[in-house]
Amino acid sequence: MPRPKTRTDEQILDAALELVHAGGVERLTLAAVGERCGLSAATLVQRFGTKATLTHRALWHAWDRLDASTAELAAAVPKTPEGAVELLIGLSRQYGDDVATYRGGLLVLHEDLGDPSLRARGSAWERALTDALDECFASTRGAPSGIGHVLASHWQGALTWWAFDASSSLPDYLTRSLDALIAMLVCASRADDGTGAPA
């Protein structure tokens, strides 16, 4: 009788991603994934074919998870500036306060940038995220056009600045940084259109 599947594809792809996070794609081998999952390399070959296919599917799976998380958070947060910050903080919770975890995410990003189909996933995510952030400012008087893109770009940079020092918790750091940027952008926009400072 054929051996039943003891792990779902999603569990195997999660295990493969853990290896990439731990040391880059070089750490991802069929044997290493099999050891994490309790499956033989031969079983993985039957289900995924080559290491290259497994790697690509794992990286694609990471984008699926991020898209789902983004959509879930965007639907849950209030459509306010505070909700925009909450959305970005929520997307950052995957790192905890662990610089090593953030670094592992950069190893995944390194692989994404080498694959046109994965870069396209990144571009699509950028549009979805910035649209969701823009919605949080739809009722904010003086919010400049394109504020969602500015916030998302600042957030990406702020993650890196935090990682260099990490002397405060990541949520606290991001909240202070994003709140300060929002105040500057909205106040400057109000001053430009003559409506004055926030009420």
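In this text, all values refer to a predicted model and were calculated from it rather than measured experimentally.

Caption draft 1: Region of the structure containing the overall build of the chain. When its secondary structure is counted, the chain shows nine helices and zero strands. Seen in sequence order, the chain has helices and strands lined up from the N terminus as α-α-α-α-α-α-α-α-α. Along the first, second and third principal axes, the C-alpha atoms of the chain reach 75 × 30 × 30 Å. In the chain, which comprises 199 residues, the proportion classed as buried is 39%. Considering only residue pairs separated by 6 or more positions, the chain has 66% of its internal contacts joining residues 24 or more positions apart. Accessible surface, the chain: about 10700 Å² in total, of which carbon and sulfur atoms supply 57%.

Caption draft 2: Representation of the confidence of the model for the chain. Summing up the model confidence of the chain, the mean pLDDT is 91 and the portion of residues at 70 or higher is 91%. Mean pLDDT values over the elements of the chain span from 87, in helix α9 (residues 170-192), up to 98, in helix α7 (residues 116-135).

Caption draft 3: Focus on the pattern of salt bridges. In the structure shown here, the tally under the stated rule is six salt bridges. Asp 9 is paired through a salt bridge with Arg 47; the nearest N and O atoms lie 2.7 Å apart. On the criterion of sequence distance, the pair formed by Asp 9 in helix α1 (residues 9-23) and Arg 47 in helix α3 (residues 41-48) is long-range, its members being 38 residues apart. Relative accessible area serves as the criterion here: at 27%, Asp 9 is assigned to the partly exposed category. Under the relative-accessibility criterion, Arg 47 is labelled buried at 18%.

Caption draft 4: Fine view of helix α2 (residues 30-37). Residues of α2 that are buried include every one of Leu 30, Ala 32, Val 33, Gly 34 and Cys 37, and no others. Where α2 is buried, its residues contact α1, α3 and α4 (51-76). Remark: Gly 38 follows α2 within two positions and exhibits a positive phi of approximately 75°.

Caption draft 5: The arrangement of a nonpolar patch on the surface in detail. Taken together, the side chains of Leu 106, Leu 109 and Leu 113 present a nonpolar region at the surface, about 260 Å² in accessible area. You can see Leu 109 is positioned in helix α6 (residues 99-112).

Caption draft 6: Local environment of the nonpolar core. The biggest cluster of nonpolar side chains holds 52 residues, and the ones touching the most others in it are Val 33, Leu 129, Leu 151 and Trp 155. If you tally residues by element for this core, the top one is helix α8 (residues 147-165), at eight residues.

Caption draft 7: Up close: the environment of Val 150. Mapped onto the secondary structure, Val 150 falls in helix α8. Note on Val 150: relative accessible area 36%, which makes it partly exposed.

About the thresholds
Residues numbered from 1 in each chain as written. Predicted model: local features only at pLDDT ≥ 70, side-chain atom pairs only at ≥ 80, totals over all residues. Heavy atoms only, no water. Helix = DSSP H or I, 4+ residues; strand = E, 2+ residues; numbered from the N terminus. Buried < 20%, exposed > 50% of the residue type's maximum accessible area, 1.4 Å probe, protein only. Contact = heavy atoms within 4.5 Å. Areas by Shrake-Rupley, 256 points an atom, 1.4 Å probe, with all protein chains shown as cover. pLDDT = per-residue confidence, 0-100. Salt bridge = Lys/Arg side-chain N within 4 Å of Asp/Glu carboxyl O. Patch = residues over 30% accessible without salt bridge, like charges linked within 9 Å, V, L, I, M, F, W, Y side chains within 5 Å. Core = buried A, V, L, I, M, F, W, Y, C linked by side-chain atoms within 4.5 Å.

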